[in-house]
Amino acid sequence: MRHEIIPCLRYEDAARAIIFLCEAFGFVRQSVFADPDDPRIIHHAQLLRQDRMVMVSSALHTDHSVLAGSRTPAQAGGVTMELYLVVPDVDDHAERARAAGATILAEPEDKPYGGRAYTARDPEGHVWSFGSYDPWA
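If you're wondering where the values come from, they're calculated on a predicted model, not measured in any experiment. (Residues numbered from 1 in each chain as written. Predicted model: local features only at pLDDT ≥ 70, side-chain atom pairs only at ≥ 80, totals over all residues. Heavy atoms only, no water.)

Mapping S129 onto the fold places it in strand β8 (residues 127-131). Given a relative accessible area of 6%, S129 falls into the buried group. Within the structure, the side chain of S129 is placed 2.3 Å from the side chain of E82, a separation counted as a polar contact. Other than its neighbours up to four places away in sequence, S129 contacts E82, L83, Y84, L85, Y118 and T119. (Helix = DSSP H or I, 4+ residues; strand = E, 2+ residues; numbered from the N terminus. Buried < 20%, exposed > 50% of the residue type's maximum accessible area, 1.4 Å probe, protein only. Polar contact = N/O pair within 3.5 Å; in protein donor to acceptor, adjacent residues only side chain to side chain. Contact = heavy atoms within 4.5 Å.)

Okay, structure coming up:
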């Protein structure tokens, strides 16, 4: 299935963020384009979780990120958006995220609109929610 809205996230240390997102939240690398002169700089990366994608890049102060006004949470002075992903086992996913170093902001709980969910912060301040409620189902 093709999805036409793909979140793009900026990280000061995008290389480390990619490792964290794969270990903590279950993403896999589809492609990573690092700078040939400095592999710590990620120009563009595509990470997949099931059939959903996020794009990740280094927070450069040049290039289109400045034109678009894209910032990390630290640069912006707070959370810039929250991402929600559907997972089959919320409690297991929360434990995996916690073990990998995510800060759990809201423990798994049943929601009044259905399903179960939790919220976590990644090491650079992006906020992620994971739940069993699927609005498309």
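A large share of β8 lies buried, amounting to five of its five residues. Of the two faces of β8, the one holding V127, S129 and G131 and the one holding W128 and F130 are both buried throughout. Across five bridges, strand β5 (residues 82-86) lies against β8 in parallel orientation. The partner of L83 across the bridge, within β8, is W128. For strand β7 (residues 116-121) and β8, the ladder comprises five bridges, and the chain directions are antiparallel. Paired with A117 across the two strands is G131, which belongs to β8. (Pairing = 2+ DSSP bridges.)

A cluster of nonpolar residues, Y84, V86, Y113 and Y133, forms a patch on the protein surface that exposes about 370 Å² of accessible area. With respect to the secondary-structure elements, Y113 resides in the loop between β6 (103-110) and β7. (Patch = residues over 30% accessible without salt bridge, like charges linked within 9 Å, V, L, I, M, F, W, Y side chains within 5 Å. Areas by Shrake-Rupley, 256 points an atom, 1.4 Å probe, with all protein chains shown as cover. Salt bridge = Lys/Arg side-chain N within 4 Å of Asp/Glu carboxyl O.)

For helix α1 (residues 14-25), built from twelve residues, the straight-helix expectation of 16 Å at 1.5 Å per residue is met to within 8% by its first-to-last C-alpha distance of 15 Å. Those residues of α1 that fall on the buried side of the exposure criterion are A14, A17, I18, F20, L21, C22, A24 and F25. (Expected span 1.5 Å × (residues − 1).)

A few words now on the state of the cysteines. Following the criterion strictly, the structure yields zero disulfides and no others. Counting only cysteine sulfurs, C22 is the nearest neighbor of C8, a cysteine outside any disulfide, at a range of 16 Å. Taking the relative accessible area as the measure of exposure, C8 reaches 44% and is therefore partly exposed. (Disulfide = S-S within 2.5 Å.)

Oppositely charged side chains can pair when the atoms bearing their charge come close. According to the stated counting rule, one finds seven salt bridges in the structure shown. For R98, the salt bridge goes to E95, with nearest N and O atoms at 3.2 Å. Of this pair, R98 and E95 both sit in helix α4 (residues 90-99), three residues apart, which is roughly one turn of the helix. Taking relative accessible area as the criterion, E95 reaches 44% and is therefore assigned partly exposed. For K111, the salt bridge identified is with E109, shortest N-O distance 2.8 Å. Accessibility expressed as a relative area gives 24% for K111, which makes it partly exposed. The partly exposed category is assigned to E109, whose relative accessible area is 38%. Bridged by salt links that share partners, the residues D91, D110 and R116 form one connected network.

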